Amino acid sequence: MRKVLVTGATGFIGKHVIPVLLDRGYEVVATSRTIDTAKALAWYERVKFIPFDFAEINPGEDYFAFFEKPDFVIHLACEGLPNY
């Protein structure tokens, strides 16, 4: 099974992309800053959710390992957009 990391998982696009990936048989690792927002989404129990704020990058961290070695990344995290 292929593993996909989705950043910005609770954002406007991310929260819609994840169910499609799950329906197509992908294993999903989802990340965003707010775990409480993620817990309210229908897909939460079907993914590995790792809370993370990209504003707090640590240059010494192995993020490939931290996010459980995904095969693909869909990077949707973005700072400063209006709250739709």
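These figures come from a predicted structure and were not determined experimentally. (Residues numbered from 1 in each chain as written. Predicted model: local features only at pLDDT ≥ 70, side-chain atom pairs only at ≥ 80, totals over all residues. Heavy atoms only, no water.)

Concerning the pattern of salt bridges
A side chain of one charge can pair with a side chain of the opposite charge if their charged atoms are brought near each other.
Link 1 in the chain: As enumerated under the stated definition, the model contains 3 salt bridges in all.
Link 2 in the chain: Taking the shortest distance from any N to any O, the salt bridge between D23 and R46 comes out at 4.0 Å. Taken as a pair, D23 in helix α1 (residues 14-23) and R46 in the loop between α2 (35-39) and β3 (48-49) lie far apart in primary sequence, 23 residues in all.
Link 3 in the chain: With a closest N to O distance of 3.5 Å, K48 and E68 form a salt bridge. Residue K48 is located in strand β3, and its partner E68 is located in the loop between α3 (63-66) and β4 (72-75); the two are separated by 20 residues in the primary sequence.
Link 4 in the chain: On the basis of relative accessible area, E68 is assigned to the partly exposed category, the value being 29%. (Salt bridge = Lys/Arg side-chain N within 4 Å of Asp/Glu carboxyl O. Helix = DSSP H or I, 4+ residues; strand = E, 2+ residues; numbered from the N terminus. Buried < 20%, exposed > 50% of the residue type's maximum accessible area, 1.4 Å probe, protein only.)

As for the environment of P59
Link 1 in the chain: Secondary-structure assignment places P59 in the loop between β3 and α3.
Link 2 in the chain: With 24 residues separating them along the chain, P59 and I35 place their C-alpha atoms 23 Å apart.

Let's talk about the nonpolar core
Link 1 in the chain: If you look at the biggest cluster of nonpolar residues, it comprises 13 residues, and the most contacted ones within it are I18, V28, A30, W43 and V47.
Link 2 in the chain: Among the elements of the structure, β1 (3-7), α1 and β2 (27-31) are those that each provide at least two residues to this core.
Link 3 in the chain: Per element, the largest residue contribution to this core is 3 residues, and it comes from α1.
Link 4 in the chain: Formed by 6 residues, the second largest nonpolar core is a distinct cluster that contains V29, I50, F52 and Y63. (Core = buried A, V, L, I, M, F, W, Y, C linked by side-chain atoms within 4.5 Å.)

Points about the side chain of K3
Link 1 in the chain: By the secondary structure assignment, K3 is in strand β1.
Link 2 in the chain: Given a relative accessible area of 14%, K3 falls into the buried group.
Link 3 in the chain: Among the polar contacts listed, one links the side chain of K3 to the backbone oxygen of E68, at a separation of 2.6 Å.
Link 4 in the chain: Once residues lying within four places of it in the same chain are set aside, the contact partners of K3 are E27, V29, E68, K69, P70, D71 and F72. (Polar contact = N/O pair within 3.5 Å; in protein donor to acceptor, adjacent residues only side chain to side chain. Contact = heavy atoms within 4.5 Å.)

Some words on the sheet that holds β2
Link 1 in the chain: Spatially, the 4 strands line up as an open sheet ordered β3-β2-β1-β4, and their pairing is parallel. For this open sheet the edge positions go to β3 and β4, each flanked by a neighbour on one side alone.
Link 2 in the chain: Two elements, β2 and β3, share 2 bridges in a ladder whose sense is parallel. Across the sheet, the residue bridging to V29 is K48, located in β3.
Link 3 in the chain: Its contacts with the sheet put α1 on β1, β2 and β4, and the angle it makes with β2 is roughly 165 degrees. (Pairing = 2+ DSSP bridges. Axes fitted to C-alpha atoms, helices over the stretch in contact; angles between N-to-C directions.)

None of this, on its own, says anything about what the molecule does.
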